[in-house]
Every structure is written in structure tokens, then in C-alpha cells.
Amino acid sequence: MMVFNRFPAAAGVLLAIVVALNFSMSAAAYGQPAQAPASDPTNAGKAVFSRANCVGCHKWHGNGGGGYGGDALSLRKTELTRDQIIETVGCGRPGTGMPFFLRGAYDEVKCHDMNRQDAGAQMPPEGGTFLRPKDIEAVSDYVIAHIKGGGEPTFAECVAFFSSTSRVCDVYKTQAQKPDDAAAASTGKGQ
Amino acid sequence: MERSSGNTRMLMRSCLLAAAAAAASAMGALPVSAADEVSQERLLNVDKEPGNWLHHHQNYSAHRFSTLKEVNRDNVKNLKVAWTMHLGGIEGGGIWSHGGLEGTPIAENGFLYVTDGWGSVYKIDAHGGRGALVWKMDPKTDRDWAGAVACCGVDNRGVALWGNLVISHTLDGRLIATNKETGQVAWQRTVADPDKGEVITGAPLIVKNMAITGVAGAEYGIRGWIAATDLSTQKEVWRTHTIPGKGEPGSETWKDSNNAAAAGGGSTWVTGTYDPATDTIIWGIGNPGPDWDNEYRPGDNLYTDSSLALDATTGKIKWHYQHTPNDPYDYDSVAENVLVDVPGPSGPRKLALEADRNGFAYAIDRTNGKFVWGLPFVKKVTWTKGLDAESGKPIEYDPNKSVQTYIASVTPSRTNMETDICPGNMGGKNWPPTAYNPDLKLWYIPVIESCNRIKVEVMTPDKLKPREFWTGGGPSQPFKITGSVTAIDVTTGKIAGKMETPFPNLGGILATPDLIFTGQPSGEVHALDAKSLQKLWEFNTGGGVNAPPMTFTVDGKQYIAILVGLGGAWDKWFIDSTPELKKIQPGSMLYVFAL
């Protein structure tokens, strides 16, 4: 069940918390980098991005945005480092709707130097699935490689994400890329 | 409970499928008797076949009232589960982790027609005291395409019947006609375009060989419409935009220089009603967009937040009544308009009743769109002191102002960027349908007793992008939200009773001569006394009730049916207001009760 529905507190404050607090499990403790096909070492992270429902708030393109669910921050505009992203995925963001995805966070391991009791009302929600440390590394690598620093989402990015027969990417086509669509739509049939 | 053996059931199902398939392949024609063909005559006279439930809202007037009374006040305590059926459609897609069930079953001659959230249609044989699936039509909805722009869940509220066809919608914008006997798709037509942020969640309304379709997407910058498709030619008969084009009447109520009207919202995602006496369709119109930055769109923003009357033959607008001009709250008016006739001081009064997201219940004269009465049906309203007795407008409404502030201290605006509103933005009353008992003249409203917090984002034209939220802010849920069933005496326009519930009413209501049925998202289905609203019966389904109950007969016996499976907007966007509901699991199940 999704619980990503709170507004974040001031982003600057949170960033400061994320940076300042001691993350009890260092990134190095996660071990070897995630294994992925040689074609794109971040493919494993793309699968995690879908499976953990990051898309539920950040959307496939990572831009997040407002709406009924509040502001999921833009991962395209994020300034977080790889380690900070790993920490944020594992521990969530206290006081916001960003869930924690690391099993035992705030219980077996402290997050942001807090256990569940310390976090109190600021306790972030629990993710719909737990991710193993390698998965968290993988999704962070995917965000760094394919989302962070991106401009407006493109058709090529969308097709790379979905690799499916869905029409979800059509809207990102440029005029030059959609010569046949107008004719197809006007028939009103044949879906 | 189940009486026939599994083998018998399999055999029967195989026979049905085989017979139907043989007939279809041999002739291309189907063994349908005239009694099974749904005609305008039958749709106009549903009172002649009380054991069937042929309209989404039970009749053209949206009464959701059944005269069946085998189950009544004296024996309802003995109501038990007769049979259940697991359905599918629970899968996620787009931004949604799972689907839910919001549909009203249709019943005809002992067969039920229900949908799941992704628009699959199930025909179920209810004869013999058990349910057997006859066929399932899976429209193969493009989940990523549609689910990414469905503001409020993977939802489908049900089908309609016409001729030998089952008429349904899909979230990805299609109108589909399925052969009632075989389950084969006869034809389909694209009506809405998810590339523009348009999706369809409502059930079709069938009027005179036309399927009337409404659209969702006011949170994604659509320009709303209502469209009529000819069910013989499969062509569009008319499409009426709910936001006037340049130069059309009402366009003067969009005073900005950003062309806000082009993305002004006004969606139409709840099935409307039809008055055959005047050949008028009455349909509720949704909120303007961006939802919470009303300074972006100065003016009254017609026909958002209005009840709209259309000529059924041409789609031309006859009249409108707007509830919340220049709405800064997301208080849409998509709710069904319930058509009732009551005695008045100078003869019978022909009313259209609407329970609005803004917390007020309205009675409008449906012959001319004039305000008759209005009153708050929720316990707490903070955005206005009340309605003007003459016009029904909020008393703070100033027609000379282009940006309305109502009670400014609580109203979201560019100078009040974070504020608490009551009702919260879900209402009031959302899509779950009301019911009307014409004998008691009582109108039952499924209420969300709520406040929530709105944060405003100042919008600029460059923020308007295809398939992205266009809301000008967003809600959060710092307050606990509860619910009620509130009854209004339509002859007086006063509240006749309120039965408070621990959770908001997210399912809607069925009325019978001396009972009403409803449910809770925590799982309970309730039967209440129609007059006192006292609870007479309860059954916990173990899932979340997010759909309206209905009733029908088969083999001469009365059944109550309800779909159970919490989905929709609530468990993604609003769950923090009802933390106990976090434990409710996604589900997809049909429950059928009998004595």
C-alpha cells in the first residue's frame, strides 16, 4: 500500500540533515557493485526503480512534481551525491513521504543517527518493498547515470525506460518522429 | 452457499461457451431473444422489471432505489453471504501500485455484468444460488500509458447494456461494445486521449441509441467534454466542451491572458442523468485547473463546478448552475444530479439534487437551472459563511471580483500559500453515489466529514506540460477524516438524520423501501433503517468497501451485491487521514448476499 503522501519540510533543512547526520551503514559496507548486463551496467537499477515503485511519486523520468500526492523532489535536478542518494533510499527522508527501503532501518540500524523512537513523528513511512543493499546501490547508480542532471524527458529516454509496446512514450515524440500518428488516431479504431 | 458441484459448474460453463461460440461462428448472428435485447423502451421503464438493474444509477433519475422488499427491516438481520467471486484487475500500472473496484454491477435476467479497475468486463451467471463466470472480456488496457495520468486510481465504475451489447469504457480512453452472449468485442472506438491527460473512469449513460461518455483529467490540464457516440454507426454524434471556446457564451468568464481556458479542466467523470420529458441530459462538471491557484485563471471559470443541462439530441447547452465560481479549493461538481419531483407551493416541483464537494447539497429547478434550496450536509464548513438564500451562491461571492477569496483567511491563494480547508479537497461528497427513496422523499448522501491542508504553488504557462500534473499545489492530511450517511428531507430541504461512521463513505448508497445499504473502507457492509438510520445488520468483508451496493432477483429470490477492493485516490493520496486503513489490503472480490 502506498503511503507517499506527505509534503516535505523545507528542502534545505532536509538536505542539511541528510548531509550532516551520521549514516550508520556506510556505502562501502554494501559490498560489490550490483551485477548487471554488460550492455548497460545500470540496467539492474532501472528494474529496481520500477519494482520499488519509485515511479509512483518520482515518475518514470524522475522529475517528481506536485499534484494530489505532494512534492516528490526532482531527481533530475537533485544535487545529492551517490552516497547521499544511497542513504536517502535506505533511510527515507524523515518528516516527508519518502519511505525507507532498507530492512531494519531505524530498528536494527540507526538512520540519520536515529532509531524509531528518536524519529518519533518524523519517522518516514516504510517502503512497499524492502531492497537489499546491492539493490539500493544499483538504483542509486541508475539515478546518477540516467536521471540526475537530465533536462526535459525525451522520447529516447522514455523508450529506454519502458522498452514496451505501451503508448506511454508517444507524447515525447518530436514532430519529425510521428509521421503516422495523426492518421492512426483519426480512424478511431484498431487498438 | 455453493450447492452445485465443481464439475457441474464446469460443465455448465463449457456448454454455455461452446453454444455461444458455435452460434457465433456458424451464423455471425446470435441466439438472443427479444426479451434480452435492451431497448430505449426498457431503459425508460425499469420500474416494470424490478428484479433487474439496467442503469448504472438504477434509473435515468439516479435514484438507486429498488422496490424489492424480500429483504426488509424485519429480516435483514438474517442476511448472509450467498456466494462470492474473486475478480482480477488488481495489477498496478503508471503511478499506481494496484487497482481497485468502484463499479456498480448491472443485472439482467439473472446475469451480472461487472468491471474491474482496468476495464475487464465479467459476465456472471447468478442462477441457482451461486455465481459462475460466463465470460471475461479483457480490453488489454495500456496500463503505463493510462495509469500515469489517472489522477485518482485505476478505476472503472461499470458497464451499460444496449441491444445485445455490453457497453464499457477503458482507462486508456476507449468505448467498447462487447457481444453479450459471446464476450467477443463487437467494435471499439477511441473517445479520449491519454496523450492529452484524458482518461475514462465512469460508466457510460445510454440514451436513444447513443453512449454518453465523460472524461477525467482536470489535474492534468485537459479541456473537459461530454461526448455522444451512435451505437449503430459507431460515429460521434456530438461532443460538448465544458469550457467554452473563444467567443462562445461563457468564454468571458476566463479573463486571463494565459489562455487558461484551453487547459481549464472541467472534467466529467461521473455518469450523469437523463430527463426524457424534456430530452435533457444533466451532468456534473469538475473543477477548474490549476486546482489551487485561482489567480492563474481569473473569472468565474464556466462551466467548471457546475451542473450542466444538455439537449440530448444535439448536445447543446440548455442551462447551467455553478456552485463555486473561480474555485480555489478543488471543490468539483462532478457528482450525479438526482432527478426528483416533489410537491411545491404552486404544483409539483421538478428538481435536480446535487451533493457537492464543497459541502453543500443543492436543489435546482431542472426546467430552468434556478436555485431552489441549499444547505450544508457536512458537520464543518470553513470556507464560506453560507449560501445566499436567493441565488445559492456563497455569500462572499462578488461578481465584480475576478479572483474570489471567499473567507480569505482560510482560502488558498497566492497570499495564503498554506491553509486548512473544511471540507477537505475530497469533499464533502465525492463520486460515491447518493440514493433517493421516493416514498419517504429522503435523499441519502455518502459523506466524507473532512478537513485537509492545501499548499499553493504559483503556476506559470511554462509549467503546463502534457501528461504532467497541473494542480497549482497539493493537499496533505494532518487531520483525521471520518464519515457519515446524511439524509435530507427533499420536501423541506432540511437534514433528517445523520449516522456517523469512523471512516469516510467511499462507496455510496442503495435504497430500498425501508432500508439503505452502504459500506466502509474498513470492510463493513451495513444495512440501516431507512428512517432512523439505525444500523440493523453488518458484515465485515475483510477488504475495503469502495463501491456502491445494488440489488436484483434471480430465480425469484432477492440478492444484494457489492464489489469490494480498496483502490482509487484514497489509499495513495489521502491515507494519512485514516491511518487505520493502511492495514487494508488491495483486493478484488464480488460479494453477494441473500436471506
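From a predicted model like this one, the values you see are computed outputs, not experimental measurements.

Cut-off values and rules
- Residues numbered from 1 in each chain as written.
- Chains lettered and ligands numbered in written order.
- Predicted model: local features only at pLDDT ≥ 70, side-chain atom pairs only at ≥ 80, totals over all residues.
- Helix = DSSP H or I, 4+ residues; strand = E, 2+ residues; numbered from the N terminus.
- Buried ≥ 20, exposed ≤ 12 C-beta atoms within 10 Å, placed from the backbone.
- Contact = placed C-beta atoms within 7 Å.
- Domains from an automatic or database assignment.
- Nonpolar A, V, L, I, M, F, W, Y, C, P; charged D, E, K, R; others polar.
- Core = buried A, V, L, I, M, F, W, Y, C linked by C-beta atoms within 7 Å.
- Axes fitted to C-alpha atoms, helices over the stretch in contact; angles between N-to-C directions.
- Parallel < 35°, antiparallel > 145°, perpendicular 65-115°, else oblique.
- Left-handed = near helix turned anticlockwise from the far one by under 90°.
- Pairing = 2+ DSSP bridges.
- UniProt positions renumbered as here; feature names shortened; annotations may be inferred.
- pLDDT = per-residue confidence, 0-100.

**Side note on the overall build of chain B**
Per the secondary structure count, chain B includes four helices and 35 strands. Dimensions of chain B, computed from the C-alpha atoms along their principal axes, are close to 70 × 50 × 50 Å. Expressed as a percentage of the 595 residues in chain B, the buried residues total 62%. Intrachain contacts of chain B at a sequence separation of at least 6 include 63% that bridge at least 24 residues.

**A look at the domain arrangement of chain A**
The domains assigned to chain A are domain 1 (11-27 + 37-152) and domain 2 (154-191). For the side of domain 1 of chain A that touches domain 2 of chain A, the per-class residue count stands at one nonpolar, one polar and two charged.

**Considering the nonpolar core**
One finds B:Ala160, B:Leu353, B:Trp443, B:Tyr444, B:Ile516 and B:Ala561 to be the most contacted residues of the largest nonpolar core, which totals 206 residues. Here B:Trp443 is in contact with B:Val338, B:Leu353, B:Thr434, B:Tyr436, B:Ala487, B:Ile488 and B:Val490, once residues within four sequence places are set aside.

**A short note on the packing of helix H4 (residues 82-91) of chain A against helix H6 (residues 133-147) of chain A**
Residue and element names in this part refer to chain A. The N-to-C vectors of H4 and H6 enclose an angle of 130°; their axes lie 9 Å apart at closest approach. Here H6 runs oblique to H4, going by the angle between their axes. The way H4 lies across H6 gives a crossing that is right-handed. Taken together, the residues of H6 that come into contact with H4 (itself represented by Arg82, Ile85, Ile86, Val89 and Gly90) are Ile136, Glu137, Val139, Ser140, Val143 and Ile144. In terms of residue class, the contact of H4 with H6 is built from seven nonpolar, two polar and two charged.

**A closer look at the sheet that holds strand S19 (residues 347-355) of chain B**
Whenever strands of a sheet pair, they do so through backbone hydrogen bonds, lying parallel or antiparallel. Residues and elements named next belong to chain B. Spatially, S18-S19-S20-S21 is the arrangement adopted by the four strands of the open sheet, whose pairing is antiparallel. Every other strand in the sheet has two partners, leaving strand S18 (338-344) and strand S21 (370-376) as the edge strands with one partner each. Each adjacent strand pair in this sheet contributes to an overall mean axis angle of 30°, direction not counted.

**Some words on the interface of chain A and chain B**
At the interface, 28 residues of chain A touch 32 residues of chain B. Split into classes, the residues belonging to the side of chain A that touches chain B amount to nine nonpolar, 13 polar and six charged.

**Remarks on H4(A)**
Residue and element names in this part refer to chain A. Burial within H4 is extensive, with seven of its 10 residues counted as buried. All of the buried residues along H4 are Ile85, Ile86, Glu87, Thr88, Val89, Gly90 and Cys91. Note on H4: the residue one or two positions beyond its end, Gly92, has a positive phi of about 70°.

**Notes on the UniProt feature "binding site: pyrroloquinoline quinone" (unreviewed entry) in chain B**
Residue and element names in this part refer to chain B. Under the local residue numbering, the UniProt record ascribes the feature "binding site: pyrroloquinoline quinone" (unreviewed entry) to Glu102, Arg157, Thr201, Gly217, Ala218, Asn430 and Trp431. Looking at where Ala218 falls in the secondary structure, it is placed in the loop between strand S11 (210-214) and strand S12 (225-230). For Ala218, a count of 32 C-beta atoms within 10 Å translates into the label buried. Not counting residues up to four positions away in its chain, the partners in contact with Ala218 are Gly224, Gly265, Gly266, Ser267, Gly286, Asn287 and Gly289. Discounting chain neighbours no more than four positions away, the residues touching Trp431 are Val270 and Val334.

**Observations concerning the confidence of the model for chain B**
Residues and elements named next belong to chain B. Residues of chain B with pLDDT of at least 70 account for 94%, and the chain-wide mean is 94. Considering only residues more than four positions removed or in separate chains, one finds that residues 1-32, a stretch of pLDDT under 50, has 30 contacts. Two numbers describe this predicted complex: its pTM, 0.88, and its ipTM, 0.77.

**A few points about the confidence of the model for chain A**
Residue and element names in this part refer to chain A. Counting all residues, the mean pLDDT for chain A is 77, and 72% of those residues have values of 70 or more. Every residue in residues 1-37 scores below 50 in pLDDT, and together they form 83 contacts with partners more than four places removed in sequence or on other chains. Counting contacts from residues 182-191, a segment whose pLDDT is below 50, to residues more than four positions away or on other chains yields seven contacts.

**Some remarks on the sheet that holds strand S29 (residues 510-512) of chain B**
Residue and element names in this part refer to chain B. Here we have four strands laid out as an open sheet, ordered S29-S30-S31-S32, and antiparallel in their pairing. Each of the sheet's edge strands pairs with one partner strand only, and the pair in question is S29 and strand S32 (535-540). Taken pair by pair, the neighbouring strands of this sheet meet at an average axis angle of 15°, ignoring direction. Alignment of strand S31 (residues 524-529) against S32, held across five bridges, turns out to be antiparallel. Each residue of the ladder has a partner; that of Val525, found in S32, is Phe539.

**Let's talk about the domain arrangement of chain B**
Here the domain parsing of chain B yields domain 1 (1-31) and domain 2 (32-594). Taking only C-alpha atoms, the centre of domain 1 of chain B and the centre of domain 2 of chain B are 35 Å apart.

**Regarding the pairing of S21(B)**
Residues and elements named next belong to chain B. As judged from the six bridges shared by strand S20 (residues 360-365) and S21, these two strands associate in the antiparallel manner. Looking at the pairing, Tyr362 lines up with Gly374 of S21. What sits between the antiparallel neighbours S20 and S21 is a turn of four residues, in which Gly369 has the positive phi angle 80°.

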